[in-house]
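Working through the structure, step by step
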Amino acid sequence: MMPVANLTEMTPSTIILNGIPGLEEAHLWISIPFCSMYLIAMLGNCSLLYLIWIEESLHKPMYYFLCMLTLNDIAMGTCVVPQALCIFWFKLKEVDFNACLTQMFFIYTLTAMESGVLMLMALDRYVAICYPLRYATILTNSVITAAGLVTFFRSAIVVMPVVFLARRLPYCHTNVLPHTYCDHMSLVKLACASVKTDTVYGLIVTLVIGGLDIFCICFSYVMILRAVLGLSSNEARSKAFGTCTAHVCTMITTYTPAFISIITPRIGDYRVIPYIQVLMANVYLLLPAILNPVIFGVKTKQIRESFLKIFIRGKAGSEIPQDRIKSNKVCAEGEKTTKPGTRRPVPHTLMAML
């Protein structure tokens, strides 16, 4: 058995994030879509948060869960893209080993959180369609807050062992990580010991968390389908299905690239070109953050109407009507031409008010 002191010496103090392997010369050009995607994601998600915050008609459980998803997407992009841009622009590749583990913890916690919030949104649609009269009494603010906290702590608790398992490994080969962020499987492959435990646990967490959430989502939609098909009106069925469209599209754009990116390094490492694998790992973290505001903005009627209401209100407030300008000119001219002691004419706008 290797002494503890030797294991400690084999723990690197820093990790070198080398960016996208094989495309180091094109890092500057690659940074353009990375930066653009990040800015679009931040703008879209922050706009959606602001809209929900100021519009009272959106202060409902469905939109509170959407706020959780939006905050999660903002945090996810911020965990990854600034680090990648530092590599691309300033060649700042050296990262403290503990900071690398911290980044890894938050990335995987937020990934699990995203899945959990999608599950909560499916349960929200189930309650809204199957128990519409009890919707407000079941999904109270305290229940929503508790559900969000439980989802976060569930994610953090199952991801924490991943960090400790990676921390205990001896890294005697190299400290150069061919990635833009501290990816779990890419990191443990630098170790000079068996990583079977890390691989199996990571795969179990992925399948258990994702599998449990997808099971709850499928159960919710089976019950929703039964309730909707029982409605007598085609219009009512169409309206009920319409409230679920945005959520279904979000699930597709989230789960599809996520499972491809997470499972590929474990079962197809020798079949995938390294730079394709790294690019996929970045895209699956950024793609939902970009598409979610667009999906909910296009597919959700209340969000569309609230946005148009605020846009029209802001446009109307910034423009002074021409009839008001003309009436003000008439008043000013009347004040100049009226002789002392004579009765001043009443403006047309005031006559209209009277």
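The shown structure was predicted, so the numbers you read here are calculated from the model rather than taken from an experiment.

**Quick look at the sheet that holds strand β3 (residues 176-177)**
The strand order β2-β1-β3 describes an open sheet built from three strands, whose pairing is mixed. Strands at the two margins of the open sheet, each flanked by one partner only, are β2 (94-96) and β3. In this sheet, β2 lies alongside strand β1 (residues 14-17) in antiparallel orientation, the contact comprising three bridges. Its bridge partner lying in β2, Ile16 is registered against Glu94. Across the face of the sheet, helix α4 (residues 97-130) comes into contact with β1 and β2 while running at roughly 80° to β2.

**Considering the confidence of the model for the chain**
Low-confidence regions, as indicated by low pLDDT, have predicted coordinates that should not be scrutinised in detail. When the pLDDT values of the chain are averaged, the result is 83; 82% of them are 70 or greater. In this model, residues 335-339 is a region of pLDDT below 50 whose contacts with residues beyond four sequence positions or in other chains number four contacts. Counting interchain partners and residues more than four positions distant, the pLDDT-below-50 stretch residues 341-354 has seven contacts.

**Some details on the UniProt feature "transmembrane region" (unreviewed entry) in the chain**
Taking the UniProt record as the reference, the feature "transmembrane region" (unreviewed entry) is found at residues 28-51, 63-90, 105-123, 143-166, 200-228, 240-263 and 275-298. With 100% helix and 0% strand, residues 63-90 has end C-alpha atoms that lie 39 Å from one another. Counting secondary structure, residues 200-228 comes out at 100% helix and 0% strand; the distance between its end C-alpha atoms is 41 Å.

**A few points about the nonpolar core**
In terms of nonpolar packing, the biggest core is built from 41 residues, with Phe88, Met104, Tyr171 and Leu187 touching the most fellow members. Of all the secondary structure elements, the ones that give two or more residues to this core are β1, α2 (27-54), α3 (61-90), α4, α6 (141-168), α7 (184-188) and α10 (274-299). Not counting residues within four places of it along the chain, the set of residues in contact with Leu187 comprises Ile15, Phe97, Leu101, Met104, Ala166, Tyr171 and Leu177. Membership of the second largest hydrophobic core comes to 38 residues, among which are Leu48, Leu58, Met119 and Val127.

**A short note on the pairing of β1**
Taken together, the two bridges between β1 and β3 define a ladder with parallel strand orientation. Residue Leu17 lies in a different strand from β3, and its bridge partner there is Leu177.

Scoring rules and cut-offs
Residues numbered from 1 in each chain as written. Predicted model: local features only at pLDDT ≥ 70, side-chain atom pairs only at ≥ 80, totals over all residues. Heavy atoms only, no water. Pairing = 2+ DSSP bridges. Helix = DSSP H or I, 4+ residues; strand = E, 2+ residues; numbered from the N terminus. Contact = heavy atoms within 4.5 Å. Axes fitted to C-alpha atoms, helices over the stretch in contact; angles between N-to-C directions. pLDDT = per-residue confidence, 0-100. UniProt positions renumbered as here; feature names shortened; annotations may be inferred. Core = buried A, V, L, I, M, F, W, Y, C linked by side-chain atoms within 4.5 Å. Buried < 20%, exposed > 50% of the residue type's maximum accessible area, 1.4 Å probe, protein only.

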